[in-house]
Amino acid sequence: MAAMSTRDAIVAIATAPGRGAVGIVRVSGEDLKGLVRALFAARAESAASEFPLRPRHAHYLPFLDAAGEVIDHGLALYFPGPHSYTGEDVLELQGHGGPVVLKLLLDRLMALGEQVQREQPAFRMRLARPGEFTERAFLNDKLDLAQAEAVADLIDASTAQAARLASRSMEGVFSREIHALVEQLIDLRMLVEATLDFPEEEIDFLKASNALGRLAGIAAQLEKVLAQAKQGRLLRDGLKVVLVGEPNVGKSSLLNALAGEDVAIVTPIAGTTRDRIAQAIQIEGVPITVVDTAGLRETQDEVERLGIARTWAEVDKADVVLHLQDAREAARTHQTANLSAELLDKLPPGVPRLVVMNKRDLIEGAVPASSDDEIWLSAKRGEGMADLRARLLAIAGWQPAGESGFIARERHLMALRAAREHLGLARDHAEQDAEHLELFAEELRLAQQALSEITGEFTPDDLLGVIFSRFCIGK
Ligand SMILES: Nc1nc2c(ncn2[C@@H]2O[C@H](COP(=O)(O)OP(=O)(O)OP(=O)(O)O)[C@@H](O)[C@H]2O)c(=O)[nH]1
Ligand SMILES: [Mg+2]
């Protein structure tokens, strides 16, 4: 088989698998005129060899198979390049959304592709890889990389807030922040490099041009972008919260309270939960996966032991661990349960742990006040739940940003942090003395390069491959 080329026309079913009211098959290629003519040959004949589809107009037409039988009736849309999603010619067929109909249409298009190839040997058509339409949009400068990623993030968004921020990134809000930083870096670099050509002036350069002041300004702006990017990353990836504790302390009850429905079985029998149960919830638009686990205790029961092993496996992947305890026990002994030591031992370093004193409705006398690392609540009655939600958001570092902000990925945070580091090194060189001007210039260049990775100007091909392969087919 010949290697996949970016010059091949590509085709895919663009709508989700399964049944739906409408299903879309999409084709993109440098020149699809032959394919469009072949598909609507009957219509072209009747209209005296006129091209069958007007650009960007919806045509209601029969889609015919090779024998001239109707596969479906639907809408055909033709977007000649470069005014299309991919920047190439794009053909979209919108038919009825059944898996069989769409497969028939897809097969028909592939067969027509071969027919066109016999007439125009340069033409080749194949099935699209995941994300390949968007990859072409990127390669044809329709979108930069941060925008292309935002397309996938919009599709994958699990809360309305995440979707809104993805949409803003897709419009270029994040990219513009990066461009603004890059432009300032370029200005400063030009100044430095001009000075490097006149070494006798180096000494005065830093002072005269206020290079350090400018650098500080760029660094401050970068901090703001980084802070927003962190919020964007949180909305994209969410937070994994794992509930652990001895049997019967109310972990499953707390999961149900957070989820607002009966997800997990609750009984007074210790050892009720055997397997982990994950439930997606949201708090103020931040997606959170809550994982209920088997209660931790010594046991001879094989099933329960396997469950407990899974509890520890979940703890390993947690962003936050909620350590549940029985409030009565704690109120009586005035100390948190001694399981903490073992838990602390097994916690991956740096994972925040929050003690949750559950069943506070059963304590006699006053309920102790919740603090930053200890929340007193009643999962059963819902008392104190607001404290827990607020605390989880605080641990996540969530700051409601209103309508501003943008979606971001870990990759972007890494690039921003790398840029910040290079700016710091640049400052160190400049502060030492003017002889370090070349090193200063080099760090500015590296900072710029790190930022450009976000928008894709300096992104290696294999990374692009990884990014686009995570898209869905047909996008
Ligand atoms: N009064 C009171 N009872 C509670 C509260 N939370 C849970 N319970 C009760 O405690 C018992 C155990 O609750 P679960 O949620 O099943 O406890 P668990 O920690 O999931 O237990 P395992 O799955 O066995 O590890 C049930 O009878 C619950 O109704 C609470 O806040 N107040
Ligand atoms: Mg349970």
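Here is what the cut-offs are and how they apply
Residues numbered from 1 in each chain as written. Chains lettered and ligands numbered in written order. Predicted model: local features only at pLDDT ≥ 70, side-chain atom pairs only at ≥ 80, totals over all residues. Helix = DSSP H or I, 4+ residues; strand = E, 2+ residues; numbered from the N terminus. Rg over C-alpha atoms; globule rule 2.2 N^0.38 Å. Buried ≥ 20, exposed ≤ 12 C-beta atoms within 10 Å, placed from the backbone. Contact = placed C-beta atoms within 7 Å. Domains from an automatic or database assignment. Near = placed C-beta within 6 Å. Nonpolar A, V, L, I, M, F, W, Y, C, P; charged D, E, K, R; others polar. Core = buried A, V, L, I, M, F, W, Y, C linked by C-beta atoms within 7 Å. Pairing = 2+ DSSP bridges.

### Describing the overall build of the chain
Here is step 1 of the chain: Counting secondary structure elements, the chain contains 17 helices and 12 strands.
Here is step 2 of the chain: Whereas a compact globule of 475 residues would reach a radius of gyration of roughly 23 Å, the chain reaches 29 Å, over 25% beyond that.
Here is step 3 of the chain: Dimensions of the chain, computed from C-alpha atoms along their principal axes, come out at roughly 90 × 80 × 40 Å.
Here is step 4 of the chain: Burial statistics for the chain: of 475 residues in total, 41% are counted as buried.
Here is step 5 of the chain: Considering only contacts within the chain whose residues lie at least 6 apart along the sequence, 66% involve residues at least 24 apart.

### Notes on the domain arrangement of the chain
Here is step 1 of the chain: Considered domain by domain, the chain is made up of domain 1 (9-137), domain 2 (150-234 + 406-469) and domain 3 (238-396).
Here is step 2 of the chain: Between the C-alpha centres of domain 1 and domain 3 there is a distance of 53 Å.

### Details of the site of ligand 1
Here is step 1 of the chain: Taken together, 23 residues are adjacent to ligand 1, and Gly250, Ser252, Thr273, Gly295 and Lys380 come closest.
Here is step 2 of the chain: By residue number, the principal contributor to the shell around ligand 1 is helix H10 (residues 251-259), which donates three residues.
Here is step 3 of the chain: Of the residues in the shell around ligand 1, the class split is seven nonpolar, 12 polar and four charged.

### A look at the nonpolar core
A general trend in soluble globular proteins is that nonpolar side chains are found buried together.
Here is step 1 of the chain: Val11, Val25, Val241, Leu243, Val356 and Leu451 are the most contacted members of the largest nonpolar core, which has 119 residues in total.
Here is step 2 of the chain: Setting aside residues no more than four positions away along its own chain, Val356 makes contact with Leu254, Leu322, His323, Leu324, Ile375, Leu377 and Leu388.

### As for the pairing of strand E2 (residues 20-29)
Here is step 1 of the chain: For E2, a buried count of seven out of 10 residues is recorded, marking the element as mostly surrounded by other parts of the structure.
Here is step 2 of the chain: Of the strand pairs in this sheet, strand E1 (residues 9-13) and E2 are connected by four bridges, and their pairing is antiparallel. Across the sheet, the residue bridging to Val11 is Val27, located in E2.
Here is step 3 of the chain: What sits between the antiparallel neighbours E1 and E2 is a turn of six residues, in which Gly18 has the positive phi angle 110°.
Here is step 4 of the chain: With nine bridges connecting them, E2 and strand E5 (residues 89-97) associate as antiparallel partners. Among the inter-strand pairings, Gly20 is bridged to a residue of E5, identified as Gly97.

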